[in-house]
Amino acid sequence: MIETRNVTKIYKLGDTDVIGAKEINLKIEEGEFLSIMGPSGSGKSTLLYLIGGLDKPTSGDVLIDGVNIVEMEERALCEVRRDKIGFIFQEFNLISTLTAIENTLVPLIPMGVSDDGMARGMKLLESFGLKDRIDHLPGQLSGGQQQRVAIARALINEPEIVLADEPTGELDTKSGDELIQLMEKMNRREGVTFIIVTHDPVVSEKTRRTIFLKDGEIVKD
Amino acid sequence: MISRGRTGNMKMRHMAYRNLLGRMFRTILMLLAVAIAVSLFVGLSSLTEGMEDKMGGATESMGEWGCVDAMGEGGGIFYGKLNGDIGRTIDRIPGVRYVVPRVYGMAELKGVELSRPVSAGQISGIMGEAGGIVMEQMVGMMGGTAGKMLEGKGIAELMNSVVLIGIDPTKETIINSYPTKMIEGSIFDSPIGGAIIGKMLADESGLGVGDEVRVAYGGKRRDFNITGIYEVGNPLEDKGIAVSLRDARDLKGMGRNEVSMFRVIPEPHVETGTIGMWIKAKCRGVSIMDQGALMEALGEQIDQFKVYEYIVEAIVILASFGFILIMTMRSIAERTKEIGTLRAIGWQKPDVLKLITMESTAIAIVGTILGIIIGILLPYLFQAMMPIVFPNIPVPPMTELTKITSATIIYAFIIGCTSGIIGGIVPALQASKMSPVDAFRAE
Ligand SMILES: Nc1ncnc2c1ncn2[C@@H]1O[C@H](COP(=O)(O)OP(=O)(O)O)[C@@H](O)[C@H]1O
Ligand SMILES: [Mg+2]
């Protein structure tokens, strides 16, 4: 479960303060399939990064399973990201020199890739329709295929939460649709919480809950 | 296109390896940066080592003690003459331990082709001042006129010229010279018709123990039977032929009591300079070459050369270090997003550091090995390329002037590896410090 309490993030740009997030109070239950909508610059990415422990709020608390990650040290926070959270990015952010399966396994590498991990990676790619793309480099894959590899990577550690920042932003409508379907399938089958940032209403329609942001504030839930 | 086999390999080192192969151009540039620095280091070091070795050989050939050479004024050892009585006078000087007579000349070997003629003129022509001075002094040791004579003669004329040395085997044994430096066969025991030759001469002429050789001096010719091969370490003497005093006098047309020079060995702890002054005072028409002082001067020359070498090496190493740093910095900039992604998906800072350290270690080690190989081949490359690039300049025998020591290899390894690894780690440290969010927004 995720909970934010009065989370505010102010970026300092010289003398001016830029509000990234303002007094955000949210409760997201386990297994939710949720989207965050809002115009560009409304603070969607900021909120996602704060929830995911990539950035710290100026004030307020972020609780994951009742633990306040704002007070955590970098090392422990890194472990939370590794064990509980998966990330998906707009530009896929795959490692260009590694194959699909290798990219999928990257989160496991520092701890050592076990046979189980390897099997899980293969199974994920297979169930995402990438069985014959396993040894392809990102450059040899389409955008949709790359993003599916990124989802496999996000799920490899069996996280509770997957945070996706405009995952369909670089994809055509069809690939985008397929991708959201895939996420929904993983949400239903494995109970993984999905938080999807998007400014595409078609995407948000497919989620069960949508939060609207404007100027860093929640305007509708 | 891409094999399925690699699916099973997923350790950090494989990832490092794949990153290196996947960015071939950058990898090759970094390898070259390390390799060039290391090869220049090895090349320069082997040149100084080689020079030092030759100088060391020259010192050794004069015996364990410093010595003073007394020779006829004006003519040097090749053309000067001394009366044998002078030897007795010198022997009575307090502090003199041994007086050893020698006859020197530049003779020609008939019917022999020397495969690799080496002349001082050639070397000083190419190696510039430092090398020239060193070689001049080596020639100087053989007598003042030798240098002039070498300049006067053309290279072609020098090709078959060797140093002819007339020796007294018993006295040479006492001062630990030729007879004790035999590497094959033995010293001649008859005072007529026996000869020993230097190792370089043996190598270049193909002459060996048991062979006959015809030596010409001026209009005279004499045949000698080679009884042994010596190696004293001095290139001029090692490319020479030693016969009895009597035979050498005969060839040169010297009188029965005449010699080219006396090598004077002082008692232990007696300065060669003091002995030199005594000889000057007691004997007229004698010129002195203080070998002890000369070797000291030569040593200073080498030290000077070493200072230049160290400066050049330092510049080379710093430049390559900077290059490696810039290359890694650039690659980090390219990879900032990648590093941010790794951090976002749970890689700790040390994990990221480990990956980049592995990459730069691999580059450092491979680049260093490559550099050492190139450094060893450098003299050969130089010798092969010189005639193509500068057809008119004679090529110095670089392969003979250089010497690779294990110390050079070890230092090369340490320098190559540390600069390669540090050059990789410093920017990696910087990149791993960056917060993932900053890394994403860095575009
Ligand atoms: N590192 C930063 N420094 C300064 N301002 C920032 C930074 N990151 C984001 N912002 C600002 O915070 C606001 C919210 O940004 P962001 O969360 O990226 O919005 P969205 O993802 O909805 O487009 C924007 O006005 C943006 O300019
Ligand atoms: Mg955004």
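Computed from a predicted model, the values in this text were never measured in an experiment.

Caption draft 1: Looking closely at the sheet that holds strand β8 (residues 193–197) of chain A. Residue and element names in this part refer to chain A. If you trace the six strands from one edge of the open sheet to the other, you get β6-β7-β8-β3-β9-β10, paired in mixed fashion. Of all strands in the sheet, those with a lone pairing partner are β6 (85–88) and β10 (217–220), marking the two edges. The average angle at which neighbouring strand axes cross in this sheet is 25°, direction not considered. For strand β7 (residues 161–165) and β8, the ladder comprises five bridges, and the chain directions are parallel. The residue of β8 that forms the bridge with Leu163 is Ile195. Seen against the sheet, helix α2 (residues 74–84) touches β6 and β7 and runs at an angle of roughly 80° to β6. The strands touched by helix α5 (residues 143–155) are β6 and β7; relative to β6, the strand with the most contacts, the crossing angle is about 165°.

Caption draft 2: Molecular detail of the confidence of the model for chain B. Residue and element names in this part refer to chain B. Scored by pLDDT, chain B has a mean of 78; 82% of the residues are at 70 or more. Counted against residues more than four places away or in other chains, residues 118–157, with its pLDDT under 50, gives 66 contacts. Among the prediction metrics, the complex's ipTM stands at 0.93, with pTM recorded as 0.67.

Caption draft 3: Structural detail: the packing of aromatic side chains. A full pass over the atoms with the stated rule returns four aromatic pairs over all chains. The interplanar angle of 10° and the centroid separation of 6.0 Å between the aromatic rings of Phe87 of chain A and Phe89 of chain A together place this pair among those described as stacked. The exposure class of Phe89 of chain A is buried, given its relative accessible area of 4%. Here the aromatic rings of Tyr178 of chain B and Tyr230 of chain B are separated by 4.9 Å at their centres, their planes lie at 80°, and the arrangement is edge-to-face. With Tyr178 of chain B in the loop between α8 (169–174) and β5 (182–185) and Tyr230 of chain B in strand β8 (residues 220–230), this pair connects stretches of sequence that are 52 residues apart. By relative accessible area, which is 0% here, Tyr230 of chain B ends up buried.

So, how was this worked out
Residues numbered from 1 in each chain as written. Chains lettered and ligands numbered in written order. Predicted model: local features only at pLDDT ≥ 70, side-chain atom pairs only at ≥ 80, totals over all residues. Heavy atoms only, no water. Pairing = 2+ DSSP bridges. Helix = DSSP H or I, 4+ residues; strand = E, 2+ residues; numbered from the N terminus. Axes fitted to C-alpha atoms, helices over the stretch in contact; angles between N-to-C directions. Contact = heavy atoms within 4.5 Å. pLDDT = per-residue confidence, 0-100. Phe/Tyr/Trp six-rings, centres within 6.5 Å; stacked < 30°, edge-to-face > 60°. Buried < 20%, exposed > 50% of the residue type's maximum accessible area, 1.4 Å probe, protein only.

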